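For reference, the chains in residue letters:
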Amino acid sequence: MANLVKKKIKGKIYWYIGESKRIDGRVKRIWQKYLGPAEKVAEQLLDGAVPQEVDVLSLGLCAAMLNIDEKIGFTDIVNKVISKREQGLSYGEHLMLTLINRLDNPVSKNKFVNWFDGTVLKRIYPVNKQYLSSQNFWNHWNNISEENIDNIQEQLLEKIIPLCDVSELCFDPTNFSTYIEEHKNQMIMQFGHAKDGRKGFRQVNLSLLVTKKEGIPLWHRTYNGNINDVTEFKDFINILIKRVSFFAKKCKKITLVFDKGNNSQNNVKNVSNKLGFFIVGSLKPSQFTNLFNIPLDDFKDEFITSGGKKVFATSRIMKIYDGNKKVVLTYSNELAYKNKIRIEKALNNTLNKLKNLQGRVKNTKLTRDQILMKAHDIADKQYLKKLIRYEVGIDGTLKFELDEFAYNELSKGFGKNILFSDDLSLETTDVVRIYNSKNIVENQIKNLKDTHMISFTPMWCWTDQMIRVHAFTCVMALLFLRLLVKQANKIDLSQEELICQLCKIKLTLLKMPKSDKIHCKITRPNEYQRALIDVFAIKKYI
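No experiment lies behind these values; they were computed from the predicted model shown.

Asker: How do you make sense of the overall build of the protein chain when you look at a structure like this?
Answerer: Regarding its fold elements, the protein chain presents 19 helices and 17 strands. Along the longest, intermediate and shortest principal axes, the C-alpha atoms of the protein chain span 125 × 60 × 45 Å. A buried classification covers 46% of the 542 residues belonging to the protein chain. Across the protein chain, contacts joining residues at least 24 apart in sequence account for 65% of those joining residues at least 6 apart. Considering the protein chain, the positive charge centre built from 85 side chains and the negative charge centre built from 59 side chains are found 6 Å apart.

Asker: In this structure, what is going on with the nonpolar core? I would like to understand it.
Answerer: In globular proteins that are soluble, nonpolar side chains generally tend to be buried together. Membership of the largest hydrophobic core comes to 157 residues, with the highest contact counts inside it found for Phe74, Leu103, Phe247 and Leu484. With 16 residues, helix α17 (residues 464-487) is the largest single contributor of residues to this core. When near neighbours in sequence (up to four residues on either side) are disregarded, Phe247 contacts Leu157, Ile161, Val166, Leu169, Leu209, Leu218, Leu240, Ile254 and Phe277.

Asker: Is there a simple way to explain the packing of aromatic side chains in this structure?
Answerer: Each pair of aromatic rings is reported with the distance of its centres and the angle of its planes. Here the structure, examined in full by the defined rule, presents 16 aromatic pairs. Seen from their ring centres, Phe299 and Tyr331 are 6.4 Å apart, and the 70 degrees between their planes marks the pair as edge-to-face. Taken as a pair, Phe299 in the loop between β9 (278-282) and β10 (301-304) and Tyr331 in strand β12 (residues 324-331) lie far apart in primary sequence, 32 residues in all. Take Phe299: its relative accessible area is 6%, and that puts it in the buried class. By the ring-pair criterion, three or more aromatic residues cluster together here, those being Phe171, Phe233, Phe236 and Phe258. Sitting above the plane of the Phe201 ring, Arg198 keeps its charged end 4.7 Å from the centroid. When the ring centre of Phe176 is taken as origin, the NZ or CZ atom of Lys449, which lies over that ring, is 5.3 Å away.

Asker: Teacher, can you tell me more about the pairing of strand β7 (residues 217-223) here?
Answerer: A regular strand places its side chains on the two faces of the sheet in alternate fashion. Among the seven residues that make up β7, six are buried, leaving the element largely enclosed by the rest of the structure. Where strand β6 (residues 202-211) lies against β7, six bridges are found, and the strand directions are antiparallel. Pairing of Leu206 across the sheet is with Thr222, part of β7. If you look at the hairpin formed by β6 and β7, you'll find five residues sitting between the two strands, and Gly215 has a positive phi there, around 70 degrees.

Asker: For this particular structure, what's the right way to read the side chain of Ser437?
Answerer: Within the secondary structure layout, Ser437 lies in the loop between α15 (428-436) and α16 (439-449). By relative accessible area, Ser437 is classed as buried at 12%. In contact with Ser437, other than residues within four places in its own chain, are Cys170 and Lys212.

Asker: How do you make sense of empty space enclosed by the protein when you look at a structure like this?
Answerer: Any empty space left between atoms is shown by rolling a water-sized probe over those atoms. Here the structure, examined in full by the defined rule, presents one cavity of 30 Å³ or more. Here the largest cavity defines a volume of roughly 50 Å³. Surrounding the largest cavity, Gln153, Leu156, Ile160, Pro217, Leu218, Trp219, His220, Val475, Met476 and Leu479 form its lining. Broken down by secondary-structure element, the contributors of at least two residues to the lining of the largest cavity are α8 (146-160), β7 and α17. When residues of the lining of the largest cavity are assigned to their parent elements, the largest contribution, four residues, is made by β7.

Asker: So what exactly am I meant to see when it comes to the pairing of β12 here?
Answerer: Across the eight residues that make up β12, a large majority, seven, are buried. Two strands pair when backbone bridges link them, and strand β11 (residues 310-319) and β12 are joined in this way by eight bridges, in the antiparallel orientation. When the bridges of β12 are listed, Thr314 appears paired with Leu329. Hairpin connection, β11 to β12: the antiparallel pair is bridged by four residues, and Tyr321 has positive phi, about 50 degrees. Bridge count between β12 and strand β15 (residues 416-421): six bridges; the pairing is antiparallel. Bridge pairing in β15 links Val328 to Leu419.

Asker: Would you mind showing me how to read the environment of Thr98 here?
Answerer: The residue Thr98 is located in helix α4 (residues 91-104) in this model. C-alpha separation for the pair Thr98 and Thr473, spaced 375 residues apart in sequence, amounts to 7.1 Å. Not counting residues up to four positions away in its chain, the partners in contact with Thr98 are Lys109, Phe112, Phe137, Trp141 and Thr473. Separated by 2.9 Å, the side chain of Thr98 and the backbone oxygen of His94 make a polar contact.

Asker: Would you mind going over the sheet that holds strand β1 (residues 2-9) with me for this structure?
Answerer: Hydrogen bonds along the backbone pair up the strands of a sheet, which may run parallel or antiparallel. The strand order across the open sheet formed by three strands is β1-β2-β3, and the pairing between neighbours is antiparallel. The open sheet has two free edges, formed respectively by β1 and β3 (26-37), since each of these has just one partner strand. Across the sheet, the mean angle separating the axes of adjacent strands is 35 degrees when strand polarity is ignored. Here β1 pairs with strand β2 (residues 12-23) via eight bridges, running antiparallel. Counted as the bridge partner of Lys7 is Tyr14 from β2.

Asker: Please clarify how the layout of surface pockets should be interpreted in this entry.
Answerer: Approximately 1,800 Å³ is the volume found for the largest pocket. In this structure, the largest pocket is lined by 50 residues; those nearest its centre are Lys260, Pro285, Ser286, Gln382 and Tyr383. Secondary structure elements with two or more residues in the lining of the largest pocket: β5 (168-178), β6, α12 (333-360), α14 (404-411), β15 and α16. Residues that form the lining of the largest pocket fall into these classes: 14 nonpolar, 19 polar and 17 charged. For the second largest pocket, the calculated volume is near 820 Å³. The wall of the second largest pocket is formed by 31 residues, among which Thr305, Val311, Asn417, Tyr435 and Asn436 lie closest to the centre.

About the thresholds
Residues numbered from 1 in each chain as written. Predicted model: local features only at pLDDT ≥ 70, side-chain atom pairs only at ≥ 80, totals over all residues. Heavy atoms only, no water. Helix = DSSP H or I, 4+ residues; strand = E, 2+ residues; numbered from the N terminus. Buried < 20%, exposed > 50% of the residue type's maximum accessible area, 1.4 Å probe, protein only. Contact = heavy atoms within 4.5 Å. Lys, Arg positive; Asp, Glu negative; His and termini not counted. Charge placed at Lys NZ, Arg CZ, Asp CG, Glu CD. Core = buried A, V, L, I, M, F, W, Y, C linked by side-chain atoms within 4.5 Å. Phe/Tyr/Trp six-rings, centres within 6.5 Å; stacked < 30°, edge-to-face > 60°. Lys NZ or Arg CZ within 6 Å of the ring centre and 35° of its normal. Pairing = 2+ DSSP bridges. 1 Å grid on protein atoms, 1.4 Å probe; cavity = no way out; pocket = protein on both sides within 12 Å on 5 of 7 lines; lining within 4 Å. Points joined across faces, edges and corners; volume = space filled by probe spheres on them. Polar contact = N/O pair within 3.5 Å; in protein donor to acceptor, adjacent residues only side chain to side chain. Axes fitted to C-alpha atoms, helices over the stretch in contact; angles between N-to-C directions. Nonpolar A, V, L, I, M, F, W, Y, C, P; charged D, E, K, R; others polar.

Function cannot be inferred from these measures alone, as they are strictly geometric.
This is the structure in structure tokens:
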């Protein structure tokens with residue numbers, strides 16, 4: 001144990017630090033270092049104990065993502081697919097830095113260097129800042145083709161599938177509206193049906209396949225904004241058929257969950273026969289209205305949702321899509337009430353508008369056809385079709401009334417959904433449970449659209465190739481996010497809280513006076529941060 005030693009030489013006091021040990025029965029000095037006279041020691045204690053320079057860097061999230069990278073080998077896979085001469089950062093390192101940025105603080109490539117300087121990454125990747133310029137990023141992205149992206153995804157499948165449960169998978173397409181105008185040879189950004197309800201914008205379509213249990217994305221595809229869901233699902237099935245062996249190695253029975261917008265006879269047949277997956281999906285109510293005549297007394301099966309709400313169900317074996325399917329009809333009191341309120345509110349609003357139009361067209365110069373067109377625009381909304389009967393007389397008089405029979409027929413479907421599965425061994429409540437889990441893929445789409453994390457939009461690119469790479473980096477960031485959540489599942493934190501706690505783990509660099517040595521210290525962690533430091537081996541990246 002070291003101790004201080006005071007020596008008096010020629011009347012002056014000098015201080016030493018050293019360590020003594022008993023050897024062969026005698027105390028001997030093992031080592032000793034001169035500190036100086038008392039005045040100098042006092043000066044060092046009073047002034048030298050304060051750091052001359054302090055730098056605080058983001059550590060937690062960066063280190064955790066690098067830890068995930070070591071497990072799935074993302075950087076190595078990218079470098080294997082896309083190689084370059086040893087100059088600056090490799091393709092894998094470029095993309096890895098992009099993924100970390102998308103989860104930590106998504107910024108444009110012009111601001112990337114400023115973000116990089118505030119993280120521990122500058123110690124791990126000590127590169128010239130010119131390699132992080134926006135132009136350098138674009139130069140790298142220009143060499144990443146759609147084939148490269150598919151090859152990377154395919155090799156990642158081999159790493160990811162052993163880590164997760166693939167017995168139940170969820171598929172859903174979505175789109176992202178953009179403000180970007182049309183450019184030459186541009187195909188992806190097109191006008192189409194916007195799922196966020198925003199009209200008049202070009203959009204980018206993206207289909208996503210995730211695991212039901214953990215929401216881990218397994219495959220994605222970026223495609224033209226004017227292609228409908230049914231057509232895309234057909235192409236997506238063909239993509240999976242080519243890679244079905246990856247799934248078969250892990251699980252013999254796989255169920256694919258998708259929405260009614262993807263239904264077609266060929267799609268259902270291909271999923272069952274060629275892909276070999278079981279199906280759980282939903283049917284369009286307008287095509288099976290006869291099921292709404294089933295009395296509520298037959299809804300004997302009960303299912304409790306994750307939100308604690310009751311759903312009642314009944315089932316039938318029916319022949320649809322060229323085969324016997326288990327068709328499940330569900331009923332929810334809360335949903336029925338919401339449906340009723342929504343339709344009645346829309347009806348009252350529409351009837352008031354027609355009454356207003358009726359008063360305005362008296363003694364008007366409008367022709368009968370013009371009045372009919374105005375009445376059509378008001379009354380023939382998709383969810384109100386056939387509920388209101390209207391006619392315009394030869395003299396231009398507008399007459400209208402609510403069709404009570406049509407309303408009663410429509411009300412039979414309030415609160416009801418129609419599900420189906422080709423797995424006849426499933427219990428009725430199992431079909432409901434599996435389909436209700438479809439919200440896991442919807443939650444991942446919400447993560448992609450989160451403006452504070454990942455942030456698919458706004459896109460700072462406009463060519464098809466750049467858009468594909470941008471979408472790829474966003475989905476890969478989502479992959480890392482879900483793997484972070486999975487690895488930290490024993491710590492009682494939500495996804496948002498997990499990222500927040502990781503971001504609060506900082507590295508402090510201290511430069512002491514009269515010394516060139518840099519001392520590294522992690523900021524004082526709380527109990528959650530201490531657990532995360534162990535789970536992701538964060539100290540390894542200091």
